[in-house]
Amino acid sequence: MKKIKAVSLYEMERLIRSVRFYVLLSYSFIGSLISIRMRNVMHFIEKKYVSSYILEGVYIGFPIIIMILAMDLISCEYENRHAELIFSKPLRKMEFVLGKICATIILFMLNVALSAIFILSYMYFICFETQDLITLFSTFISIVWGSIIPLSITVLINALLINTVGTFAASLIAWYILDLAVTLINPSNILYNWLPNVAYRQILADKHATAALTPIIYIVVACLIAVYMLRKRDIH
């Protein structure tokens, strides 16, 4: 656990120093404000749980956000030639991968949390209810939990390619190909609810029980394959 924590702290420090982290933070605030304006808050005053609707509107593109955060999760160490130094230490590949994943999820949670706080602060003066806070928290959990699915795809592709730009491009292409596959598979098919795109939508909508298990399966498979690829890769 100590080594996983050390890797997580190292990764968080690296990401916080990157430009893209602050771009995503800016998106959280600007996107929240735009979402509030575009959805015309006054229209929702007679409806409950306005804040959660707005938060879902801001993070409707959260697969892309998590892909941006994780696109160099493993490849950065090879591109910066830090891999040899890192793996020369008594650090297991699984501890390395898990530490990196934990850091990415924590920073994504921070991003979503700041957006939720901003929305809640704004809505407090308009149509705030106590139940709205509970619903907003539930939406926050759904967004973070659902993000594990596109994160798993990005981790897997990054471990295979060891290329930052290639990973982001391939992750986007894979996500939209899977989105297309949704239209080709019959909803009654047992595989339908396990498709990543279907699962993350169902997590947000809280519609299907199997969707809650999907992120665990995806992240475990991604971790195992990433560790396997790291063990097979020669470090020079």
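Scoring rules and cut-offs
- Residues numbered from 1 in each chain as written.
- Predicted model: local features only at pLDDT ≥ 70, side-chain atom pairs only at ≥ 80, totals over all residues.
- Heavy atoms only, no water.
- Helix = DSSP H or I, 4+ residues; strand = E, 2+ residues; numbered from the N terminus.
- Buried < 20%, exposed > 50% of the residue type's maximum accessible area, 1.4 Å probe, protein only.
- Contact = heavy atoms within 4.5 Å.
- Areas by Shrake-Rupley, 256 points an atom, 1.4 Å probe, with all protein chains shown as cover.
- Expected span 1.5 Å × (residues − 1).
- Arc of directions from axis to C-beta.
- Polar contact = N/O pair within 3.5 Å; in protein donor to acceptor, adjacent residues only side chain to side chain.
- Core = buried A, V, L, I, M, F, W, Y, C linked by side-chain atoms within 4.5 Å.
- Axes fitted to C-alpha atoms, helices over the stretch in contact; angles between N-to-C directions.
- Parallel < 35°, antiparallel > 145°, perpendicular 65-115°, else oblique.
- Left-handed = near helix turned anticlockwise from the far one by under 90°.
- Nonpolar A, V, L, I, M, F, W, Y, C, P; charged D, E, K, R; others polar.
- pLDDT = per-residue confidence, 0-100.
- Salt bridge = Lys/Arg side-chain N within 4 Å of Asp/Glu carboxyl O.

(A) Local environment of the overall build of the protein. If you tally the helices and strands in the protein, you get 12 helices and 0 strands. For the protein, the residues scored as buried account for 47% of the 236 residues in total. Here the analysis covers contacts within the protein between residues at least 6 apart in sequence; of these, 77% occur between residues at least 24 apart. In the form shown here, the protein has an accessible surface area of approximately 12,500 Å², with 68% of it arising from carbon and sulfur atoms.

(B) Main features of the side chain of Thr167. Tracing the backbone shows Thr167 in helix H10 (residues 164-184). Taking the relative accessible area as the measure of exposure, Thr167 reaches 0% and is therefore buried. Not counting residues up to four positions away in its chain, the partners in contact with Thr167 are Met71, Thr154, Ile157, Asn158 and Leu161.

(C) Focus on H10. With 21 residues, H10 extends 31 Å from end C-alpha to end C-alpha; this agrees with the ideal 30 Å at 1.5 Å per step. Regarding H10, the residues found buried are Thr164, Thr167, Ser171, Trp175 and Val182. When H10 is viewed along its axis, its buried side chains cluster within an angular range of 70° and face the same direction. The exposed set on the far side of H10, more than 90 degrees from its buried face, consists of Val165, Ile173, Ile177, Leu180, Thr183 and Leu184. By the N-cap criterion, in which a side-chain oxygen at the helix start approaches the backbone nitrogen of a residue two or three places on, H10 is capped by Asn163, the distance to Val165 being 3.3 Å.

(D) The arrangement of the nonpolar core in detail. Grouped together as the largest cluster of nonpolar side chains are 50 residues, with contacts concentrated most on Ile74, Phe96, Val97, Ile101, Phe108 and Leu151. At the level of elements, helix H1 (2-16), helix H2 (19-38), helix H5 (62-70), helix H7 (83-87), helix H8 (93-124), helix H9 (130-161), helix H11 (196-205) and helix H12 (209-232) are the ones that each hand at least two residues to this core. The element contributing the most residues to this core is H9, with 10 residues.

(E) The arrangement of the packing of H5 against H10 in detail. Where H5 contacts H10, the two axes come as close as 10 Å, and the packing angle between them is 155°. Viewed along their axes, H5 and H10 adopt a mutual orientation that is roughly antiparallel. As for the relative orientation of H5 and H10, their crossing is right-handed in sense. Of the residues in H10, those in contact with Pro63, Ile64, Met67 and Ile68 of H5 are Phe168, Ser171, Leu172, Trp175 and Tyr176. Residue composition of the contact of H5 with H10, by class: 8 nonpolar, 1 polar and no charged.

(F) Spotlight on the packing of H10 against H11. At their nearest, the axes of H10 and H11 sit 8 Å apart, and the two run at 85° to each other. When the interaxial angle is binned, H10 and H11 end up roughly perpendicular. Across from Trp175, Leu178, Asp179 and Val182 in H10, the residues of H11 making contact are Pro196, Asn197, Val198, Tyr200 and Arg201. The residue inventory of the contact of H10 with H11, partitioned by class, reads 6 nonpolar, 1 polar and 2 charged.

(G) Expanded view of the confidence of the model for the protein. Here the protein averages 82 in pLDDT, and 81% of its residues register 70 or above. Per-element mean pLDDT across the protein ranges from 50 in helix H3 (residues 41-44) up to 94 in H1.

(H) Examining the pattern of salt bridges more closely. Per the counting criterion, the structure on display carries 6 salt bridges. For Glu11, the salt bridge goes to Arg14, with nearest N and O atoms at 2.7 Å. Of this pair, Glu11 and Arg14 both sit in helix H1, 3 residues apart, which is roughly one turn of that helix. Across the pair, exposure class does not vary: Glu11 and Arg14 are buried alike. Connected through salt bridges with shared partners, the residues Glu11, Arg14, Arg20, Asp72, Glu77 and Lys100 form a single ionic network.

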